[in-house]
Amino acid sequence: MAIVLGPNRYGKAETRLVRVFRDDDTHCLTDFNVSIALSGDLAATHLTGDNAGVLPTDTMKNTVYAFAKEYGVGEPEEFGLLLAMHFVATQPQVRAAKVAIEAYGWERLGPHSFRRRGDFVRTAAVTVTIDQQQVVSGLRDLVLLNSTASEFRGFPRDRYTTLPETDDRILATAVDAKWRFLRTDIDWYESFTAAVEALTDGFVNTYSSSLQQTLFSMGSHVLETRPEIAEVRLALPNRHHYLVDLSPFDLANDNEVFIAGDRPYGLIEGTVSRDDAPEAHAEWYL
């Protein structure tokens, strides 16, 4: 039996970056969490302990902060591309660089005052090799709820099935979405904003017979309105709401009072893509 080294990478995870732009009396604020992973000709450090090709992860952290000062910080996709291209261009042993960014939103309250937004976290993942670039945008924890226009019935039953059918239920989820681009010459802010609107429209305007149907509608709305996007991956936890039994209090519950369930929960996952979309250059799992 031979023992061999499989795929590997290393990097600096979760470098917290806050950049304040003080060009005039009205300040601007960017808040990122940056993770970097490099892969390539790195077998020696695993097999013999030779670190000649191992750029220190501390250097990666320093590069994030230096680039934030030298080049500024705009959209997360743009900043991720800048960092990833730098590591591939300057480190000959590096064949691929992946930069994943969480972007936290802040709402302006005044010229230099802000309030943290909590409606979702924006994400971006950039993978750069010597001859290819792949950008994936997304978000997580976008909580959506329809108080009606959802049902679930016609499902198979066995001896362990106790769930009753319903033709009127609350449908709620916390969206985790990622979408892969066909190109990189994009207005990242405009594209992201429009994609979020399309996702939301798909949720709001779909009469749902299942959360799976809603997932496909949400992804379809994105692809129908954003030609620069190749495919969309969605993970939708079903945040169950259960009717409270008010009969002990001689009260009727006409689909009005609910318990918001925590766990367990249904988890619906799927990909919606163009049939002519090219293959992804790199992994981009949910």
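Look up a bit, the structure's there.
Residues numbered from 1 in each chain as written. Predicted model: local features only at pLDDT ≥ 70, side-chain atom pairs only at ≥ 80, totals over all residues. Heavy atoms only, no water.

(A) Here's a closer look at the packing of aromatic side chains. Counted under the stated rule, the structure contains six aromatic pairs. Where Phe 32 meets Phe 79, the ring centres are 6.1 Å apart and the plane angle is 50°; that geometry is what we call tilted. In this pair, Phe 32 sits in strand β2 (residues 28-40) while Phe 79 sits in helix α3 (residues 76-90), placing the two residues 47 residues apart along the sequence. Note on accessibility: Phe 32 and Phe 79 belong to one class, buried. An aromatic cluster is defined as three or more aromatic residues linked by ring pairs; in this entry it consists of Phe 120, Trp 179 and Phe 192. A cation over an aromatic ring shows up here: Arg 122 above the ring of Phe 192, its NZ or CZ 4.2 Å from the ring centre. Seen from the ring of Trp 284, Arg 233 lies directly overhead, with NZ or CZ sitting 4.0 Å from the centre. (Phe/Tyr/Trp six-rings, centres within 6.5 Å; stacked < 30°, edge-to-face > 60°. Helix = DSSP H or I, 4+ residues; strand = E, 2+ residues; numbered from the N terminus. Buried < 20%, exposed > 50% of the residue type's maximum accessible area, 1.4 Å probe, protein only. Lys NZ or Arg CZ within 6 Å of the ring centre and 35° of its normal.)

(B) Region of interest: α3. A rise of 1.5 Å per residue sets the reference length of α3, with its 15 residues, at 21 Å; its end C-alpha atoms lie 21 Å apart and thus fit the reference within 8%. Along α3, the residues that are buried comprise Pro 76, Glu 77, Phe 79, Gly 80, Leu 81, Leu 83, Ala 84, Phe 87 and Val 88. (Expected span 1.5 Å × (residues − 1).)

(C) The arrangement of the sheet that holds strand β12 (residues 266-273) in detail. Read across the sheet, eight strands follow the order β1-β2-β3-β6-β7-β8-β9-β12 without closing on themselves; strand pairing throughout is antiparallel. The open sheet has two free edges, formed respectively by β1 (10-21) and β12, since each of these has just one partner strand. Pairs of neighbouring strands in the sheet enclose a mean axial angle of 15°, with direction left out of account. Relative to strand β8 (residues 171-181), strand β7 (residues 133-146) runs antiparallel, the two being bridged by ten bridges. Note that in β8 the partner of Arg 140 across the bridge is Asp 176. (Pairing = 2+ DSSP bridges. Axes fitted to C-alpha atoms, helices over the stretch in contact; angles between N-to-C directions.)

(D) Local environment of unusual backbone geometry. Cis geometry is found at the peptide bond from Arg 263 to Pro 264, where omega equals 0°. Relative to the elements of secondary structure, Pro 264 occurs in the loop between β11 (258-260) and β12.

(E) Molecular detail of the pattern of salt bridges. Enumeration over the complete set of coordinates arrives at 15 salt bridges. Here Asp 58 makes a salt bridge to Lys 61, at a shortest N to O gap of 2.8 Å. Pair noted here: Asp 58 and Lys 61 are both in helix α2 (residues 57-70), with a separation of three residues, about one helical turn. For Asp 58, a relative accessible area of 37% puts it in the partly exposed group. Between Asp 262 and Arg 263 there is a salt bridge; the shortest N-O distance is 3.6 Å. This pair shows no difference in class: Asp 262 is exposed, exactly as Arg 263 is. One connected set of salt bridges, linked through shared partners, spans Glu 75, Glu 77 and Arg 122. (Salt bridge = Lys/Arg side-chain N within 4 Å of Asp/Glu carboxyl O.)

(F) Quick look at the environment of Val 135. By the element assignment, Val 135 lies in strand β7. The class for Val 135 is buried, based on a relative accessible area of 1%. Along the sequence, Val 135 and Trp 284 sit 149 residues apart, while their C-alpha atoms lie 9.6 Å from each other. Apart from the residues within four sequence positions on either side, Val 135 is in contact with Glu 77, Leu 81, Ala 125, Val 126, Trp 179, Arg 180, Phe 181, Thr 184 and Trp 188. (Contact = heavy atoms within 4.5 Å.)

(G) Spatial organisation of α2. For α2, built from 14 residues, the straight-helix expectation of 20 Å at 1.5 Å per residue is met to within 8% by its first-to-last C-alpha distance of 20 Å. All buried positions along α2 are accounted for by Met 60, Thr 63, Val 64, Phe 67 and Ala 68. An end-on view of α2 places all buried positions within 130° of arc, on one side of the element. Along α2, exposed side chains directed more than 90 degrees from the buried face belong to Lys 69 and Glu 70. In this fold, the buried residues of α2 make contact with β1, β2 and α3. One or two positions beyond α2, positive phi appears at Gly 72, with a value near 80°. (Arc of directions from axis to C-beta.)

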